[in-house]
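What follows is the residue order along each chain.
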There are 2 protein chains.
Amino acid sequence: MTNSRITIKDLAERLNLSISTISRALNDHPSIGKKTTKEVKKLARELGFTPNTMASNLRRNKTQSIGVIVPRIDIHFHSHVISGIEETAYRLGYNVTIFQSRDSLEREIAVTEILQAKRVEGVIACLGLETTDSRHFARFNEIKIPLVFYDRVSKDVESSKVIIDDFDAAFRATEHLINTGCRNIAHIAGNRNTDIFKARVKGYKAALLKHDLEANENLIQYTSELSYEEGATCAKKLLTVTPLPDGVFCANDNTAISAIQVFKKANLRIPEDIAVVGFSNYPISSIMEPTLTTIDDRAFEMGQTAAKLLIRQIEDKDQNIASETIVIKTDLIVRDSTNRNPKG
Amino acid sequence: MTNSRITIKDLAERLNLSISTISRALNDHPSIGKKTTKEVKKLARELGFTPNTMASNLRRNKTQSIGVIVPRIDIHFHSHVISGIEETAYRLGYNVTIFQSRDSLEREIAVTEILQAKRVEGVIACLGLETTDSRHFARFNEIKIPLVFYDRVSKDVESSKVIIDDFDAAFRATEHLINTGCRNIAHIAGNRNTDIFKARVKGYKAALLKHDLEANENLIQYTSELSYEEGATCAKKLLTVTPLPDGVFCANDNTAISAIQVFKKANLRIPEDIAVVGFSNYPISSIMEPTLTTIDDRAFEMGQTAAKLLIRQIEDKDQNIASETIVIKTDLIVRDSTNRNPKG
DNA sequence: TTGTAAGCGTTATCAG
DNA sequence: CTGATAACGCTTACAA
């Protein structure tokens, strides 16, 4: 076995054919005789020939690859999105090259440059926390590389987007608490400046409004990053409110979990005294005690949708397809933490 | 802005220089005058030139990219390994292209072929569950592409490996139970045919032996895939054993969690009546009640190590570096589920 | 049905 | 210090 790899030229010499014939045979070009095609493929297999995609890509000006930028791969949500992206990209014949910004703007910018040099045919990205100005993505528009954001999307840059309907999800979560008999519902909210968390607050308020319940500001506890620890702090504060809340809608599962633990320690029964709804459907939510009612954020589906959208845009590029925003509907998963069954 | 991208040829024409000068200037070749270099770079920036990596790769016969095959990206362990791989690959100037086998042998084989065509310079893989014969990876040896397995490694194929010391981890987990006063320790084990789980059983037995405790076979409950549900079944069976076990070492966190829930329902106190140790350090283990003593599997570090090892082999390829097996030592994280403090 | 030859955008060798 | 020119391995008019 030689060290350097077999090329179509080698095959051509062996078979006394021209390299164009070999190339065509390998690609099942109809003008090549069945017999020749068969022979070529046979020899290719025998010699362990693998086409050099780099060369073919250069020639065809294609790479069959898409770039993905996420804040961190090891976050549950993102790993599921990536899984969805890889799954549909694979089926449609594309490779996925992945980068983490680790929430650093500097690194995010560097990665956009690498992606341009690598000549990926499209980019899927979720902005990092540091990124307020996302103009480094504008370059992709100029060079006509389709761009799809998911979850944390850009406001400055023309692009397609895949997001969940945070307002609707929060609305339904809160309405579920109301239907289950809660009348004094609190909310543990995310960062005040982040769109998705603002939308959740709005959805929460809208549901209260619809059912003629007061949206009392001191029932809303804002956090900076929805951490487990912040959840506990908020829950403790809620315990000092009178009358005591009988339901809490939390903007993620972490805070819901720590709130439940605080409430249990305070000898409150879940859901009888306080019902709790989370957001994200982390694996733990179906295991903890009580199991947690939560919103499934459809991460895998978001990834699939983003990849499908992106690849459609790649393949219809001449037609200059307009940007598109796809809103994914979430599911409310009802479990024990709200199981008070008065009204459904 | 023209549709087709700027090339070094364009720069050459604009500056009345030859393309070789441009190429050298762009690569900071010492033979090019400071002034010329500066001018070239300036124009490149102005025109938004990005070097075409494909062309350069073809010419240099390099791709600066490594391929990663995992069973599923969205499994906690793998997402952390991938994160570690990406992190060190990025720092060392490599891209990572990622594929899921989804535990399908057919897909795993297809992916190894894509990786060859893509001319990745090295491969990191974790075998899928279906894979018993891994000879499809042998091709990488023939064409001198460095190969590193992690976690589920190949027996048939010469390759480097990054694994954790399952025997040692199990030994220390079990010994910790003994030190904490347990004398009748059970084990919820993984699949009998899987190496890593066999090693955990051995470690468990060795620890008992060292402390002159009997390794009673009916204290070992085997599962097929260490699922949450299987854990509950095993725990219930352990409740029927006399005398009741006073400690359980579980081969993963899922089974530890469900076992604890079963024990709690049976009105046993954790850790006073039964102490429990898990394996993997899932996020839930620090949140549940009681918090779970467990083995941290160092997923991120495994990824980093695998990437470092691989890239070293890529860059020293001429020297034909031998395969290497790196065993990563795990940490025992002591939490409340074993906090009986008799002896440390 | 097959062959010839140009070219994709670089880098590298050799001259000057 | 700079320029011509030949590759890298493949695809694709155009010819035969």
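Residues numbered from 1 in each chain as written. Chains lettered and ligands numbered in written order. Predicted model: local features only at pLDDT ≥ 70, side-chain atom pairs only at ≥ 80, totals over all residues. Heavy atoms only, no water.

In the annotation of an unreviewed UniProt entry, chain A is listed under the name LacI family transcriptional regulator and assigned to Flavihumibacter stibioxidans.

> Would you mind showing me how to read the overall build of chain A here?
A count of helical and extended segments in chain A gives 12 helices and 12 strands. Sorting the 344 residues of chain A into buried and exposed places 56% on the buried side. Taking the contacts inside chain A whose residues are at least 6 apart along the sequence as the reference set, 71% of them involve residues at least 24 apart. If you sum the accessible surface of chain A, you get close to 15300 Å²; carbon and sulfur atoms cover 49% of it. (Helix = DSSP H or I, 4+ residues; strand = E, 2+ residues; numbered from the N terminus. Buried < 20%, exposed > 50% of the residue type's maximum accessible area, 1.4 Å probe, protein only. Contact = heavy atoms within 4.5 Å. Areas by Shrake-Rupley, 256 points an atom, 1.4 Å probe, with all protein chains shown as cover.)

> Explain the interface of chain A and chain B to me, please; I cannot follow it from the model alone.
One frequently used descriptor of interface size is the decrease in accessible area upon assembly of the parts. Every contact between the two is made by 57 residues of chain A and, on the other side, 56 residues of chain B. Considering only the surface of chain A that becomes buried against chain B, R5(A), M54(A) and R119(A) emerge as the three largest contributors, covering 15% of it. For the interface between chain A and chain B, the tally reads eight salt bridges. Between E289(B) and K264(A) there is a salt bridge, with its nearest N and O atoms 3.5 Å apart. Inspection of the region where chain A meets chain B yields 32 residue pairs in polar contact (both at pLDDT 80 or more). Elements with a contribution of two residues or more to the side of chain A that touches chain B: helix 4 (53-60), helix 5 (76-91), strand 2 (95-100), helix 6 (105-117), helix 7 (138-142) and helix 11 (253-265) of chain A. Of the strand pairs in this sheet, strand 2 of chain A and strand 2 (residues 95-100) of chain B are connected by three bridges, and their pairing is antiparallel. Counted as the bridge partner of I98(A) is V96(B) from strand 2 of chain B. (Buried area = accessible area lost by both parts, 1.4 Å probe. Salt bridge = Lys/Arg side-chain N within 4 Å of Asp/Glu carboxyl O. Polar contact = N/O pair within 3.5 Å; in protein donor to acceptor, adjacent residues only side chain to side chain. Pairing = 2+ DSSP bridges.)

> Looking at this structure, I do not really get the nonpolar core. What am I missing?
Grouped burial of nonpolar side chains is what soluble globular proteins tend to show. By size, the foremost hydrophobic cluster in this structure holds 138 residues, and its most contacted members are I124(A), F263(A), I124(B) and F263(B). The contact partners of F263(B), leaving out residues within four places of it in the chain, are A235(B), L239(B), V248(B), L268(B), I270(B), I274(B) and V276(B). Within the second largest apolar cluster, 16 residues are counted, among which are Y90(A), V111(B), I145(B) and V157(B). (Core = buried A, V, L, I, M, F, W, Y, C linked by side-chain atoms within 4.5 Å.)

> Please clarify how the pattern of salt bridges should be interpreted in this entry.
Pairing is possible between side chains that carry opposite charge, provided their charged atoms lie close to one another. Residues and elements named next belong to chain B. On inspection of all chains with the given rule, the structure shows 44 salt bridges over all chains. Between D166 and R200 there is a salt bridge, with its nearest N and O atoms 2.6 Å apart. One end of the pair, D166, is in helix 8 (residues 166-179); the other, R200, is in helix 9 (residues 195-210), and 34 residues separate them in sequence. There is no split in this pair, since D166 and R200 are both buried.

> I'm lost on the packing of helix 4 of chain A against helix 4 (residues 53-60) of chain B in this one. Help?
Relative orientation of the contacting elements helix 4 of chain A and helix 4 of chain B amounts to 140°, with a least axis distance of 9 Å. Compared by their axis directions, helix 4 of chain A and helix 4 of chain B come out oblique. The element helix 4 of chain A and its partner helix 4 of chain B pack so that their crossing is left-handed. The segment helix 4 of chain A lies against helix 4 of chain B, with M54(A), A55(A), N57(A) and L58(A) engaging M54(B), A55(B), N57(B) and L58(B). Residues belonging to the contact of helix 4 of chain A with helix 4 of chain B are distributed by class as follows: six nonpolar, two polar and no charged. (Axes fitted to C-alpha atoms, helices over the stretch in contact; angles between N-to-C directions. Parallel < 35°, antiparallel > 145°, perpendicular 65-115°, else oblique. Left-handed = near helix turned anticlockwise from the far one by under 90°. Nonpolar A, V, L, I, M, F, W, Y, C, P; charged D, E, K, R; others polar.)

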